[in-house]
Amino acid sequence: MARKLLLEHINVPGINTFDVYRQNGGYRSVEKALKTMSPDAIVEEVKTSGLRGRGGAGFPTGMKWSFLAKPEGKERYLVCNADESEPGTFKDRYLMTYIPHLLIEGMIVSSFALGAKTSYIYVRGEMMPQIRILERAIAEAKNAGFLGKNILGSGYDLELYVQPGGGAYICGEETALIESLEGKRGNPRIKPPFPAISGVWACPTVVNNVETIAAVVPIINDGGEEYAKIGIGRSTGTKLISASGNLNKPGVYEIDLGVPVEEFLYSDEYCGGIANGKRLKAVVAGGSSVPILPANLILKTVNNEARLMSYESLSDGGFQSGSMLGSGGLIAFDEDQCIVRNTWNFARFYHHESCGQCSPCREGTGWMEKVLHRLEYGHGKMSDIDLLVDVAKKIEGNTICPLGDAAAWPVASAIRHFRDEFEWHVTNPKEAME
Amino acid sequence: MLSVTEHKDINFSSDLVKQFDDIVTRYPEGKQKAGLLPILHLVQAEYGWVSPEAMDKVAAYLNIQPIEVYEVATFYTMFFLRPQGKFVLEVCRTGPCCLVGAEKIMTHIEKSLGVKEGEVTSDGKFSWRGVECLAACGMAPVLQIGPEYTFYEKLTEQSVDQLIEDLKNKI
Ligand SMILES: NC(=O)C1=CN([C@@H]2O[C@H](COP(=O)(O)OP(=O)(O)OC[C@H]3O[C@@H](n4cnc5c(N)ncnc54)[C@H](O)[C@@H]3O)[C@@H](O)[C@H]2O)C=CC1
Ligand SMILES: Cc1cc2nc3c(=O)[nH]c(=O)nc-3n(C[C@H](O)[C@H](O)[C@H](O)COP(=O)(O)O)c2cc1C
Ligand code: SF4
Ligand code: FES
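The shown structure was predicted, so the numbers you read here are calculated from the model rather than taken from an experiment.

## Focus on the state of the cysteines
Note: disulfide means a covalent bond formed between the sulfur atoms of two cysteine side chains.
Inference 1: Overall, the coordinates contain 0 disulfides over all chains when judged by the stated rule.
Inference 2: Note on A:Cys203: no disulfide assigned, nearest cysteine sulfur contributed by A:Cys80 at a separation of 19 Å.

Printed below as a string of structure tokens:
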């Protein structure tokens, strides 16, 4: 049984309340940090841990924190990214629902480390129940002296607020999130400058995913070195995996990074195999934005090594034969699923969610959706397949934010690995229509 | 897309304004515009949609231009720009949910309610629409109902029938 750092107490009755959470060792990291550590020492500890951003990009958290500008007379902000909208990803919602104080605790320690006096948790608007849960948890923590003025007599003041979004996938992109938090449309900004230099209200800002912030708690409690012992290579620590699709036991699992994909999919400790006794056809390993892989390539790399659930192993082989860990949203497809239909569904999603600022993304996503729709419904031509590849290529790398890439990769990878299925839709229009 | 339906001349209740006042204290001096999304959510929870009149009033409250409110309300999918049914069933229509039957659920809802996506039943009680991934893919298929966004997971045609029955009795 793998060690659990984030979900250890998730099944304790009443763990969503301050008292029970505290009785189970909650808020120890705040006491340790505020009473015995300097902000810089906390940043160092996080660097030592090797923790990488759990929102999907995997950027080293300690390094990002150390890049935070500290100009005189300017506020600094920590903003937690709880916009979770990547199809296949549902770990943050789970964590906030069942163990909200873990996020609050992490926010206090992280805000202290960064010198933020006001911090926000930006939660996607549809998560109204989670917003209520967090607001209650914040009130409880404040009541107990862990938030507000002069926390635990340390002289450190912190206010923590929950900010709702309005329903827009793009607001998970950190600069769009910042725009949205300021009360505007969620149009991404051009980076650089990174938020660490100029973020909310042009002030230095760190944006971190819910799971990243939560992981700071065990790192401070047990030390960065202990954390770094878990995992494999540069993929240190534990990771929450959201598993969905045709599985016997879909759900959120905390794994030590480095677990073999095969074990994750088939063992009873995790997903328990493919539902209804069917065979596995394909897997999207890291949320809808990452390339899809056929069963053989998700289980083994082209060098015939077992594929592991880690940043490096999942991207082994590049996009030719590999994919990405991304946000850890694993979607499993059984043998009856139609790759063309799913690709069309994802293309429709990205077209719907494009903010419309850059023409390659705005026009390209719409074009891909249209072409995939006609292929799926039996009106496609053979040349449509290469047309899709061409459009995807023209979007990739030519846009302000990575939503364009995220729209292009699923299409390009589906054609790379399942071209025969696309061709079948052209040569068998009648069956395709059914 | 702004609705042409006239909304009655509205006045925010003092209770609602008190909630607005609380929201704008969360931001630094002069940055009260950040309160726009939370305030629009409160307005929608109160009236069921955000009318042009309500948006103008919000603009006046925040001391910003009306266009700054319109452009936000039209950008985000959660804000209804015309009246909806009392209960809006929002079904996830994205990939992972479709792998386990979301499309069948939507067809079933369309048949049960007898209205197309986006339309309101003649008694004004229901409307429905497809929405994108609700971060509950492991409990698919799922739907949500505002204004509190209650979730209903692992839907079957039977559980949807039951849900609609329960909601009918609730009014
Ligand atoms: N969790 C979810 O629901 C979703 C996650 N994603 C993931 O998001 C990823 C892309 O995210 P981005 O933020 O665009 O990636 P990015 O690589 O630009 O940035 C990652 C983080 O590192 C910071 N950073 C990078 N270089 C920096 C520097 N020189 N100085 C200071 N800070 C620096 C950025 O500010 C950001 O916080 C994708 O890989 C995808 O997996 C995408 C969609 C949804
Ligand atoms: C289109 C798009 C959507 C994103 N959505 C999310 C999201 O919902 N949650 C998240 O944490 N990061 C999301 N990200 C990544 C953020 O931009 C950013 O990298 C992340 O919040 C940084 O936190 P981390 O370093 O803790 O991972 C998204 C990126 C893109 C391009
Ligand atoms: S890539 Fe797409 S979503 Fe990102 S800024 Fe450009 S148009 Fe907007
Ligand atoms: S795809 Fe439906 S909740 Fe994620």
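## Focus on the environment of A:Asn248
Residue and element names in this part refer to chain A.
Inference 1: Assignment of secondary structure puts asparagine 248 in the loop between strand E7 (238–245) and strand E8 (251–256).
Inference 2: Once the C-alpha coordinates of asparagine 248 and serine 49 are considered, the two residues, 199 residues apart in sequence, prove to be 34 Å apart.
Inference 3: Not counting residues up to four positions away in its chain, the partners in contact with asparagine 248 are Cys271, Gly272, Gly273, Ile274, Ala275 and Asn276.
Inference 4: Engagement of the side chain of asparagine 248 in a polar contact is seen with the backbone oxygen of glycine 272, the distance being 2.7 Å.

## Quick notes on the pattern of salt bridges
Residues and elements named next belong to chain A.
Inference 1: Within this structure, the stated rule accounts for 33 salt bridges over all chains.
Inference 2: Taking the shortest distance from any N to any O, the salt bridge between glutamate 376 and arginine 341 comes out at 2.9 Å. Taken as a pair, glutamate 376 in helix H16 (residues 359–376) and arginine 341 in helix H15 (residues 339–353) lie far apart in primary sequence, 35 residues in all.
Inference 3: For glutamate 376, a relative accessible area of 6% puts it in the buried group.
Inference 4: Residue class for arginine 341 comes out partly exposed when judged on its relative accessible area of 24%.
Inference 5: Within this structure, Arg54, Lys91, Asp92, Glu211 and Lys239 form a network of salt bridges that share partners.

## Section: the sheet that holds strand E3 (residues 143–145) of chain B
Residue and element names in this part refer to chain B.
Inference 1: If you walk across this open sheet you meet the 4 strands as E2-E1-E3-E4, and the pairing is mixed. Among the strands making up the open sheet, the edge pair consists of strand E2 (126–131) and strand E4 (150–152). The mean angle between the axes of side-by-side strands here comes to 25°, regardless of whether they run parallel or antiparallel.
Inference 2: In the sheet, strand E1 (residues 87–92) pairs with E2 via 6 bridges, with the strands oriented parallel. Residue pairing across strands places valine 91 opposite glycine 130, the latter belonging to E2.
Inference 3: Here helix H6 (residues 102–113) sits on the sheet in contact with E1, E2 and E3, set at roughly 160° to E2.

Conventions and cut-offs
- Residues numbered from 1 in each chain as written.
- Chains lettered and ligands numbered in written order.
- Predicted model: local features only at pLDDT ≥ 70, side-chain atom pairs only at ≥ 80, totals over all residues.
- Heavy atoms only, no water.
- Disulfide = S-S within 2.5 Å.
- Helix = DSSP H or I, 4+ residues; strand = E, 2+ residues; numbered from the N terminus.
- Contact = heavy atoms within 4.5 Å.
- Polar contact = N/O pair within 3.5 Å; in protein donor to acceptor, adjacent residues only side chain to side chain.
- Salt bridge = Lys/Arg side-chain N within 4 Å of Asp/Glu carboxyl O.
- Buried < 20%, exposed > 50% of the residue type's maximum accessible area, 1.4 Å probe, protein only.
- Pairing = 2+ DSSP bridges.
- Axes fitted to C-alpha atoms, helices over the stretch in contact; angles between N-to-C directions.

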